[in-house]
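Commentary on secondary and tertiary structure
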Amino acid sequence: MEDLSPLQRARLSYAPTLPSSLAAPTQVLTYEEAAGALDPASDEPATTPAEHARRASDDVGDRGGRLIPVADVFPKTADTPAFRVAPGDDGPFTTAAGGEGEGARRRLAPTERVRAIPTDPAPRLGLIFSGGPAPGGHNVAAGMLDWLERRKRANEAAAKKPTTKPEPEPEGGEQKDDALGASSAASSGTFAPGALIGFLGGPAGLVDTLWTPITSASVARFRNQGGFHLLGCGRARLDSDAHFKAAAETCRDLRLDGLAIVGGDDSNTNAAYLAEYFAANDVRCAVVGVPKTIDDDFRGGDVEVCFGFDTCSKHFAQTVGNIADDARSSRRYYHFVRVMGRKSGRLTLECALRTRPNLALIGEEIAEKKWTLDRVVGAVADLVAERADLGLNHGVILVPEGLLGFTPEIAELMEAMHRAADDVREGRAPPEPAGEKEKEKAAASQPPTRLLHRIEAAVGIVREPPKARSPPPPPRTPPRTPGLGELVRVTYADVEPFLPPSSKSVASKLPRDILDEMLLARDAHGNPALSAIETEKLLARLVSEALGGILTKRGEITGRFLPQTHFCGYEGRAAQPTDFDATYAYALGHAAASLAAAGASGVVAAVANPCDPPENWECSGVPLCRMLRAERRAGKDRLVIRKAVVDLRGAAFEAFAVRRDAWRLADRYASPGPAQFFDPEAKGFDMPTTLVLETEAKKKKKKATEAKKEGGGEKDDAETRSVDRPAGALGGRDGGCVAGAWAA
């Protein structure tokens, strides 16, 4: 561990608090009988789960088509119930039938059932880091491993045969020459019960049988550390029968009882289809998702927040706060800060609430108001001009990473350009301009007038017959065949001949380098590479052109516009996880292991009440099928997990909206500083502000509903309609958690 910094070494000693249900020696799952499948839409249902997975992508589309039961696509997993993880050693359950089983001391609901978690032998589990890294991922591995170790120790104690023998190493597998000692041949049924297998490089490792055992020794230096470098990660999508078959063979050969897939909406969409394939083909390996994304755009059911969001938002807020202090110190620069978030503005909103910039553009609001890019540029230019009138020639402006995708005309242009790029890659010829054929035919068939004939004859002009139309050019041949999830690079010059006039008109207003960046290849899930588009530089350039660089009032120069650009992105994805993310991911690892061991396949591990003290967290397994929705994409309905975006009528956005005008023309910046890892006063976690606001709003809504049921009537005051200053928002306690100072 010589390569670890002093902080990293100190973080190794942090001991996350486990929820009481997971800290118990044993657990059971309780569940309600399924009420029936949901009805997402699809007017062209695929014949196999693999075909549906192949169609699923990450583009935002419109709901359309006819409704069909989800069971038509997921016949084996559509009825998966929602599970609750409960301690299994606190006394008997009283079941609806009057029988008793191991479980917590409480009465079950009439429709509630209990599923025991096998403990002897301990299960063999697998782990995949899918998508990009997020702070806390290593603690998922640590949590799963610790859960398995506890099971093995309990079994040894029960058998009164404690052993200190090392775990048997896999036999018969060719060893890959790398630092992890990864096997590339999975003919190994010799793993001892309780083994944890990590797949290298994301889902591709599952298909290509690249794995490594995860042991106490190998995970020791990764506890509470950032990054995913214990295993590596990747964005490969399982979208063919060959991929699913290979995954099934790998799990069978390794004799896995469960597989945890750590990822966001795309990765958990993958998990849903894989669980269905396993169930349909008698692969006895439960597939469990774990919610991970720094964008916090995978939510629903009991998934209130994704691990990684808290750390990343604090890291970005620290950067924005530092920039804001620099802005009001030098008083001569406008700082345009692009904040990561491809389809969701939740990171931008969180940073705005913590730092109070002069302007924060929220993509969802721009999309709802249908603002064009020109309108956005005008709004920024107006701000700069108004501040100049007050003698302020500096400011901080937050720009969401996906800004261009939220403006309707640019979104349409990007879609047209990507369709054209597909035509280029497939070697198609560009279409002829509309109306050109008709014009040529009409000109060729029009007989010359008699007067024109006589004039031509007098001057010796001989009319030549119209030339035959030249044959179309041969199809373009791509320079090479792309690999899985890889596309041949094309430029705007390549696609321009394929674009309709309306798209060309919009493109003519944008710099060529930006147009080329918009064509960067999408990933395996169809996501455009928006992080490569320097939107902050484009916006600063367009604002500068709109202002001319010089600000005047009544003919007098009042100031100059000098922009600086920044990007809050990749540096936050592998940051040192906060105490909350470290604890949250560790609990999710335990929950995922419990669910997988019990055979609860096709669910995602979740914590229903993350703002409560961690010992009171309620862990569950949310059915992935219930999170799938049909979205119109490329003319077809596809079943995917929708991205969770900023709720413009939610408590967090409302708190921002009522304060942003006060931040506009006055420097009321807040500098939150770095995340604090050790709280000497033990006030609890410094929770994401957006999460605290939304949780308080839910509690007040629930309280108002209960009061109404009890005959108290519906309250119509600020306390029940919105959250203005929640407990803990200014640094006080809030059920064991606190939120950063955000109120102006």
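Residues numbered from 1 in each chain as written. Predicted model: local features only at pLDDT ≥ 70, side-chain atom pairs only at ≥ 80, totals over all residues. Heavy atoms only, no water.

Regarding its fold elements, the chain presents 26 helices and 22 strands. Here the chain holds 744 residues, and the buried ones make up 53% of them. Intrachain contacts of the chain at a sequence separation of at least 6 include 79% that bridge at least 24 residues. With an accessible surface of roughly 32,400 Å², the chain has 51% of that area assigned to carbon and sulfur atoms. (Helix = DSSP H or I, 4+ residues; strand = E, 2+ residues; numbered from the N terminus. Buried < 20%, exposed > 50% of the residue type's maximum accessible area, 1.4 Å probe, protein only. Contact = heavy atoms within 4.5 Å. Areas by Shrake-Rupley, 256 points an atom, 1.4 Å probe, with all protein chains shown as cover.)

For the coordinates displayed, the defined rule picks out 33 salt bridges. Between Lys643 and Asp265 there is a salt bridge, with the nearest N and O atoms lying 3.0 Å from each other. Residue Lys643 is located in the loop between β20 (636-641) and α23 (651-657), and its partner Asp265 is located in helix α8 (residues 265-280); the two are separated by 378 residues in the primary sequence. Judged by its relative accessible area of 16%, Lys643 is buried. A salt bridge links Asp667 to Arg387; its shortest N-O distance comes to 2.8 Å. Remark: Arg387 occurs in helix α12 (residues 373-389) and Asp667 occurs in the loop between α24 (660-664) and β21 (685-687); sequence separation between them is 280 residues. Looking at Arg387, the relative accessible area reads 0%, which means it is buried. (Salt bridge = Lys/Arg side-chain N within 4 Å of Asp/Glu carboxyl O.)

The terminal C-alpha atoms of helix α7 (residues 241-253), which comprises 13 residues, lie 18 Å apart, in line with the 18 Å expected from a rise of 1.5 Å per residue. By the burial criterion, the buried members of α7 are His243, Phe244, Ala246, Ala247, Ala248, Thr250 and Cys251. Arg255 sits one or two positions beyond α7 and adopts a positive phi of about 55°. (Expected span 1.5 Å × (residues − 1).)

For the rest of this paragraph, the subject is the packing of aromatic side chains. Taken as a whole, this structure holds 13 aromatic pairs when the rule is applied. Here Phe567 and Tyr570 contribute two aromatic rings whose centre-to-centre distance is 6.4 Å and whose plane-to-plane angle is 85°, an arrangement assigned as edge-to-face. The partly exposed category is assigned to Phe567, whose relative accessible area is 24%. Site record: aromatic cluster; members linked through ring pairs are Phe580, Tyr584, Trp617 and Phe685. Positioned above the aromatic ring of Tyr14, the side-chain terminus of Arg11 is 4.8 Å from the ring centre. (Phe/Tyr/Trp six-rings, centres within 6.5 Å; stacked < 30°, edge-to-face > 60°. Lys NZ or Arg CZ within 6 Å of the ring centre and 35° of its normal.)

In this fold, Ser267 is placed in helix α8. For Ser267, the contacting residues outside a window of four places in its chain are Ser130, Gly131 and Ile261.

A word on the pairing of strand β10 (residues 286-291). Successive residues of a regular strand alternate their side chains across the two faces of the sheet. Of all the six residues making up β10, six are buried; the element is thus mostly covered by neighbouring parts of the structure. Side chains of β10 alternate between two faces, with Ala286, Val288 and Val290 and Val287, Gly289 and Pro291 buried alike. In this structure, strand β9 (residues 258-263) lies alongside β10, joined through six bridges in parallel fashion. The partner of Gly263 across the bridge, within β10, is Pro291. Read as a crossover between parallel neighbours, the route from β9 over α8 to β10 is right-handed. (Pairing = 2+ DSSP bridges. Right-handed = clockwise from strand over helix to strand, strands pointing away.)

A few words now on the sheet that holds strand β1 (residues 27-32). Sheet architecture is open: ten strands sit in the order β5-β1-β2-β18-β17-β10-β9-β6-β7-β8, paired in mixed fashion. Looking along the sheet, the strands with just one partner apiece sit at the ends: β5 (112-116) and β8 (211-214). On average, adjacent strands in this sheet sit at an angle of 30° to one another, irrespective of strand direction. Here strand β6 (residues 125-129) runs beside β9; their pairing, made up of five bridges, is parallel. The residue bridging Leu127 from the neighbouring strand is Ala260, located in β9. Helix-sheet contacts for helix α4 (residues 137-159) involve β1, β6, β7 (196-199), β8, β9 and β10, and the interaxial angle to β6 is about 175°. (Axes fitted to C-alpha atoms, helices over the stretch in contact; angles between N-to-C directions.)

Strand order in the open sheet formed by four strands is β12-β13-β11-β16, and the pairing between neighbours is parallel. Of all the strands in the sheet, the pair left with one neighbour each is β12 (359-360) and β16 (563-568). In terms of strand pairing, β12 meets strand β13 (residues 395-400) through two bridges, oriented parallel. Bridge assignment links Ala360 to a residue of β13, and that residue is Leu398.

Within the element layout of this structure, Gln8 appears in helix α1 (residues 6-11). The class for Gln8 is partly exposed, based on a relative accessible area of 22%. In this structure the C-alpha to C-alpha distance between Gln8 and Phe222, which are 214 residues apart in sequence, comes to 9.2 Å. Residues in contact with Gln8, not counting those within four places in the same chain, are Asp3, Gln225 and Gln576.

On to the nonpolar core, then. By size, the foremost hydrophobic cluster in this structure holds 89 residues, and its most contacted members are Leu127, Phe307, Leu595 and Phe656. When residues in this core are grouped by element, the largest group, 13 residues, is from helix α22 (residues 579-597). In this structure, Leu404, Ala421, Val490 and Met518 belong to the second largest nonpolar core, which totals 47 residues. (Core = buried A, V, L, I, M, F, W, Y, C linked by side-chain atoms within 4.5 Å.)

This part is about the packing of helix α9 (residues 309-330) against helix α10 (residues 346-355). Packed helices, taken two at a time, are described by their axes: the angle between them and the distance between them. Interaxial distance between α9 and α10 falls to 9 Å at its minimum, and their mutual angle equals 50°. Viewed along their axes, α9 and α10 adopt a mutual orientation that is oblique. The hand of the α9/α10 crossing is right-handed. For the pair α9 and α10, contact is made by Phe309, Cys312, Ser313, Lys314, Phe316, Ala317, Val320 and Gly321 and by Arg346, Leu347, Glu350, Cys351, Arg354 and Thr355, respectively. Here the residues of the contact of α9 with α10 sort into seven nonpolar, three polar and four charged. (Parallel < 35°, antiparallel > 145°, perpendicular 65-115°, else oblique. Left-handed = near helix turned anticlockwise from the far one by under 90°. Nonpolar A, V, L, I, M, F, W, Y, C, P; charged D, E, K, R; others polar.)

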